[in-house]
Amino acid sequence: MKTYEHITKLENIMNEHEQKLKELNEVLTYISEHFDEYKQLIEYYYYSNQRNQDLQDEEMHLIPDDLPRGVLSEDGVYDFSSEYYDSGIRMIEIGLKMVKER
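Please read all numbers here as calculations on a predicted model, not as lab measurements.

## Quick notes on the side chain of Asp 54
Phase 1 of the analysis: Position of Asp 54 relative to the elements: it lies in helix α3 (residues 49-59).
Phase 2 of the analysis: No salt bridge forms around the buried Asp 54; measuring N to O, its nearest opposite-charge neighbour Arg 51 is 7.5 Å away.
Phase 3 of the analysis: Polar contacts involving the side chain of Asp 54 include one to the side chain of Gln 50, which spans 2.7 Å.
Phase 4 of the analysis: Once you skip the residues sitting within four places of it in the chain, Asp 54 turns out to touch Tyr 44, Ile 63 and Leu 72.

This is how it looks when you write it as structure tokens:
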């Protein structure tokens, strides 16, 4: 009698990939809909006078100690924007693979 384990295995692969694609599309929708917020963060970090004022206030200990302030750190936004960029490149590379190897 023939076993059809391969069908079960492939069914599981299809179901898992469908779920992950659904999750990916939810994340891509979020990133697309909130891209202006990301640009606002970059604008604040690299170009705004407000950040310079906030850094001065930080040096003078005017900002409350319990206020999260990763956006004022030397590396926080830079590291995040690098990860954002790298993720964009990775999405392009994986997207091309998905299209080319269909």
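Right, picking up where we left off after that structure.
## Considering unusual backbone geometry
Phase 1 of the analysis: One non-glycine residue with positive phi stands out, namely His 61, at about 60°.
Phase 2 of the analysis: Mapped onto the elements of the fold, His 61 is located in the loop between α3 and α4 (76-100).
Phase 3 of the analysis: Taking relative accessible area as the criterion, His 61 reaches 69% and is therefore assigned exposed.

## Some details on the pattern of salt bridges
Phase 1 of the analysis: Tallying each qualifying case throughout the model produces four salt bridges.
Phase 2 of the analysis: Ionic pairing is found between Asp 36 and Lys 39, a salt bridge with its closest N-O pair at 3.4 Å. Of this pair, Asp 36 and Lys 39 both sit in helix α2 (residues 35-47), three residues apart, roughly one helical turn.
Phase 3 of the analysis: The partner of Glu 58 in a salt bridge is Arg 69, with the nearest N and O atoms 2.6 Å apart. Placement of the pair is Glu 58 in helix α3 and Arg 69 in the loop between α3 and α4, with a sequence separation of 11 residues.
Phase 4 of the analysis: Judged by its relative accessible area of 22%, Arg 69 is partly exposed.
Phase 5 of the analysis: What you see here is one network of salt bridges that share partners, running through Glu 58, Asp 65 and Arg 69.

## Some points on the packing of aromatic side chains
Phase 1 of the analysis: A full pass over the atoms with the stated rule returns seven aromatic pairs.
Phase 2 of the analysis: When the centroid spacing of 5.8 Å and the interplanar angle of 40° are considered together, the rings of Phe 35 and Tyr 38 count as tilted. One end of the pair is Phe 35 and the other is Tyr 38, both in helix α2 and three residues apart, which spans about a single turn.
Phase 3 of the analysis: Where Tyr 45 meets Tyr 46, the ring centres are 4.7 Å apart and the plane angle is 85°; that geometry is what we call edge-to-face.
Phase 4 of the analysis: The class for Tyr 45 is buried, based on a relative accessible area of 11%.

Conventions we followed
- Residues numbered from 1 in each chain as written.
- Predicted model: local features only at pLDDT ≥ 70, side-chain atom pairs only at ≥ 80, totals over all residues.
- Heavy atoms only, no water.
- Helix = DSSP H or I, 4+ residues; strand = E, 2+ residues; numbered from the N terminus.
- Buried < 20%, exposed > 50% of the residue type's maximum accessible area, 1.4 Å probe, protein only.
- Lys, Arg positive; Asp, Glu negative; His and termini not counted.
- Salt bridge = Lys/Arg side-chain N within 4 Å of Asp/Glu carboxyl O.
- Polar contact = N/O pair within 3.5 Å; in protein donor to acceptor, adjacent residues only side chain to side chain.
- Contact = heavy atoms within 4.5 Å.
- Phe/Tyr/Trp six-rings, centres within 6.5 Å; stacked < 30°, edge-to-face > 60°.

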